[in-house]
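Spelled out from the first residue to the last, the chains are:
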Amino acid sequence: MAGAVIIGAGPGIGLAVARRFAKEGMPIALIARGEVAAGSVAAAGVPVLALRADSTDEEGLRAALDTAAGEYGLPDVVVYNAAIIQADGPGELSAQGHLDAWAVNVVGALTAAAHVAPEMARRGNGSFLVTGGMPEPKREYVSLSLGKAGVRTLVTLLDQEYGASGVHVASVTVAGAVAPGTDFDPDDIAEHYWRLHTQPREQWTHEVLHTGRA
């Protein structure tokens, strides 16, 4: 297997998804702005590569993706989990603040997809999965609501571009605060990513909503 790449591999969903894919024996590349606590992933006994890159740094992100591909080959799945999660009401955030949030929440995902999805399409298979949220916009979270609406649209556009060539593009929409031992336990959420990656093509879905309820 060529492996999985997790962008935004911090504690919570990012590392939980990495552990879930590692459980299946897949090599893992972790990309994050800061240091990555890769020990829990390496415990699965698979190769783990930790890389530093900011999702808003186009050259740096593309270089990290190239490094991962050079190590393990074109990935089977790329998960984009980077986000700026902050409370801000209408008019509270500066224009630059909104641009900075949008760059992480949406543009980084587009950069990553544009870099890997064309090769996945030429190969005829692969998954590009994005962490979504805010199934309903909230005035207390303007930048995040806008960003997650952008993610939903981006998934549709990427599916239009690459879906027919065998690339499964989808999002996991998380409708609550992620915390271990709750209805939004990251290990439970990580199962959605594995199920999306392994869905037969005729059963593809493009958004999974995790509400924390059975």
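Residues numbered from 1 in each chain as written. Predicted model: local features only at pLDDT ≥ 70, side-chain atom pairs only at ≥ 80, totals over all residues. Heavy atoms only, no water.

**Thoughts on the nonpolar core**
Of all hydrophobic cores here, the largest spans 32 residues; its most connected members are Val5, Ile7, Ile31, Leu65, Tyr80 and Phe128. Per-element tally for this core: the top contributor is helix α4 (residues 95-123), with 8 residues. Excluding its chain neighbours within four sequence positions, the residues that come into contact with leucine 65 are Val5, Ile7, Ile31, Ala112, His115 and Val116. Counting 31 residues, the second-largest nonpolar core is a separate cluster that includes Met26, Leu129, Phe184 and Ile189. (Core = buried A, V, L, I, M, F, W, Y, C linked by side-chain atoms within 4.5 Å. Buried < 20%, exposed > 50% of the residue type's maximum accessible area, 1.4 Å probe, protein only. Helix = DSSP H or I, 4+ residues; strand = E, 2+ residues; numbered from the N terminus. Contact = heavy atoms within 4.5 Å.)

**Some points on the pattern of salt bridges**
A full pass over the atoms with the stated rule returns 6 salt bridges. Between glutamate 58 and arginine 62 there is a salt bridge; the shortest N-O distance is 3.2 Å. Of this pair, glutamate 58 and arginine 62 both sit in helix α3 (residues 58-72), 4 residues apart, roughly one helical turn. Arginine 122 is the salt-bridge partner of glutamate 119, the closest N and O atoms lying 2.5 Å from each other. Taken together, the residues glutamate 119 and arginine 122, both in helix α4 and 3 residues apart, mark about one turn of the helix. On the basis of relative accessible area, arginine 122 is assigned to the exposed category, the value being 62%. One network of salt bridges, with partners in common, ties together Arg20, Glu24 and Glu191. (Salt bridge = Lys/Arg side-chain N within 4 Å of Asp/Glu carboxyl O.)

**Things to note about α4**
If you check α4, its first and last C-alpha atoms are 40 Å apart, about what 29 residues at 1.5 Å a residue would give, namely 42 Å. Of all bends in α4, the biggest is about 45 degrees, found at alanine 103. (Expected span 1.5 Å × (residues − 1). Bend = angle between axes of the 7 residues up to and from the residue.)

**Re the pairing of strand β3 (residues 48-52)**
A one-sided burial pattern is seen for β3, the buried positions being Leu49 and Leu51 and the unburied ones Val48, Ala50 and Arg52. Of the strand pairs in this sheet, strand β2 (residues 28-32) and β3 are connected by 5 bridges, and their pairing is parallel. Within β3, the residue paired with isoleucine 31 across the bridge is leucine 51. (Pairing = 2+ DSSP bridges.)

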